[in-house]
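# Chain and residue survey
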Amino acid sequence: MNSQVPLWFPRFAKVPDVHYSPPSGLDVSKLRQRKVRPTVNRWPDMPPSLSWPMPNGTTSQAPAGAYRLDDSRKATTTRVLRTLAEALELPGEPADYHFAIQEVISLLWSRRAEGPQAFVELERLCWLDLQLIRACPSAVTYEHRDGGLRFVSITAFRTLLDLYLTEGALGDAAQVLELADRFDNGDTPPARRARERCAAFAAEDKS
């Protein structure tokens, strides 16, 4: 049984080895929960857990994980990105930040026809998420039924590989592919396409 206290941070930028600055002009003064701190729960025969204060009690959900739009599909991309930036200024566990970023990556991918800016933001958020999972791998692991730990499916890998293959940026794709293999995300259709394209390019370069 894991006896370690769950890892949490007062804001995303405090995660070690993550290089992140909030957008200029972001107003965090109205984020009422940005200064809350969790209580550690210790129960017999149970791993430690966190409780977060709320106006009417406590919750197991960290502020960063709870802060989201009611229906992001109806919001503008600007609003979606601002809401994510605000969530990253709130306390949370690494998984809270990962899933908040991943949700926006998926949404922006569905809106990629909006133009080049959508691709710029997609690439930025994907690499931001990969910084996080390299710093805190536990954010993307789960206990398999065989008792071992496994990595979850990570959208950032598939998205970056699709982006770089579309652009013909095989060097960048190879870098992502190496990292995807390290996190057991190297057996997806985009990863297989990237592997084939990189192998073909290497063969042509030798001929």
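A short tour of the structure in this document, coming up. Predicted model only: the values in this text are computed from it and were never measured. (Residues numbered from 1 in each chain as written. Predicted model: local features only at pLDDT ≥ 70, side-chain atom pairs only at ≥ 80, totals over all residues. Heavy atoms only, no water.)

### So, the packing of aromatic side chains
- Enumeration according to the criterion identifies five aromatic pairs in this entry.
- Arranged with centres 5.0 Å apart and planes meeting at 65°, the rings of F151 and F183 form a pair that is edge-to-face. Of the two residues, F151 sits in strand β5 (residues 149-151) while F183 sits in the loop between α6 (170-182) and α7 (189-206), which places them 32 residues apart along the sequence.
- Exposure remark for F183: the relative accessible area of 4% places this residue in the buried category.
- Geometry around W109 places R112 over its ring, the cationic atom sitting 4.1 Å from the centre. (Phe/Tyr/Trp six-rings, centres within 6.5 Å; stacked < 30°, edge-to-face > 60°. Helix = DSSP H or I, 4+ residues; strand = E, 2+ residues; numbered from the N terminus. Buried < 20%, exposed > 50% of the residue type's maximum accessible area, 1.4 Å probe, protein only. Lys NZ or Arg CZ within 6 Å of the ring centre and 35° of its normal.)

### Notes on the layout of surface pockets
- Space inside the second largest pocket adds up to approximately 230 Å³.
- Looking at the lining of the second largest pocket residue by residue, the classes come out as six nonpolar, one polar and two charged. (1 Å grid on protein atoms, 1.4 Å probe; cavity = no way out; pocket = protein on both sides within 12 Å on 5 of 7 lines; lining within 4 Å. Points joined across faces, edges and corners; volume = space filled by probe spheres on them. Nonpolar A, V, L, I, M, F, W, Y, C, P; charged D, E, K, R; others polar.)

### A short note on the environment of W8
- Mapped onto the fold, W8 is located in the segment before β1 (39-41).
- Residue classification places W8 among the partly exposed residues on the basis of a relative accessible area of 26%.
- Sequence spacing of W8 and L179 is 171 residues, and the spatial spacing of their C-alpha atoms is 24 Å.
- Apart from residues no more than four positions distant in its own chain, W8 is found in contact with R37, P38, L50, W52, P91, G92 and E93. (Contact = heavy atoms within 4.5 Å.)

### Section: empty space enclosed by the protein
- In this structure the tally under the stated criterion is one cavity of 30 Å³ or more.
- Estimates place the volume of the largest cavity at around 160 Å³.
- Around the largest cavity, the lining is made up of 14 residues, and of these R68, T83, A100, E103 and V104 lie nearest the centre.
- Elements represented by at least two residues in the lining of the largest cavity include exactly α1 (63-66), α2 (77-87) and α3 (94-110).
- Its residues assigned to classes, the lining of the largest cavity comprises nine nonpolar, three polar and two charged.

### Regarding the pairing of strand β2 (residues 49-54)
- Of the strand pairs in this sheet, β1 and β2 are connected by three bridges, and their pairing is antiparallel. Bridge pairing links T39 to S51 in β2.
- The sheet contact formed by β2 and strand β3 (residues 57-59) spans three bridges and is antiparallel. From the neighbouring strand, W52 faces β3, where its bridge partner is T59.
- Here β2 folds back onto β3, and the loop between the two strands holds two residues. (Pairing = 2+ DSSP bridges.)

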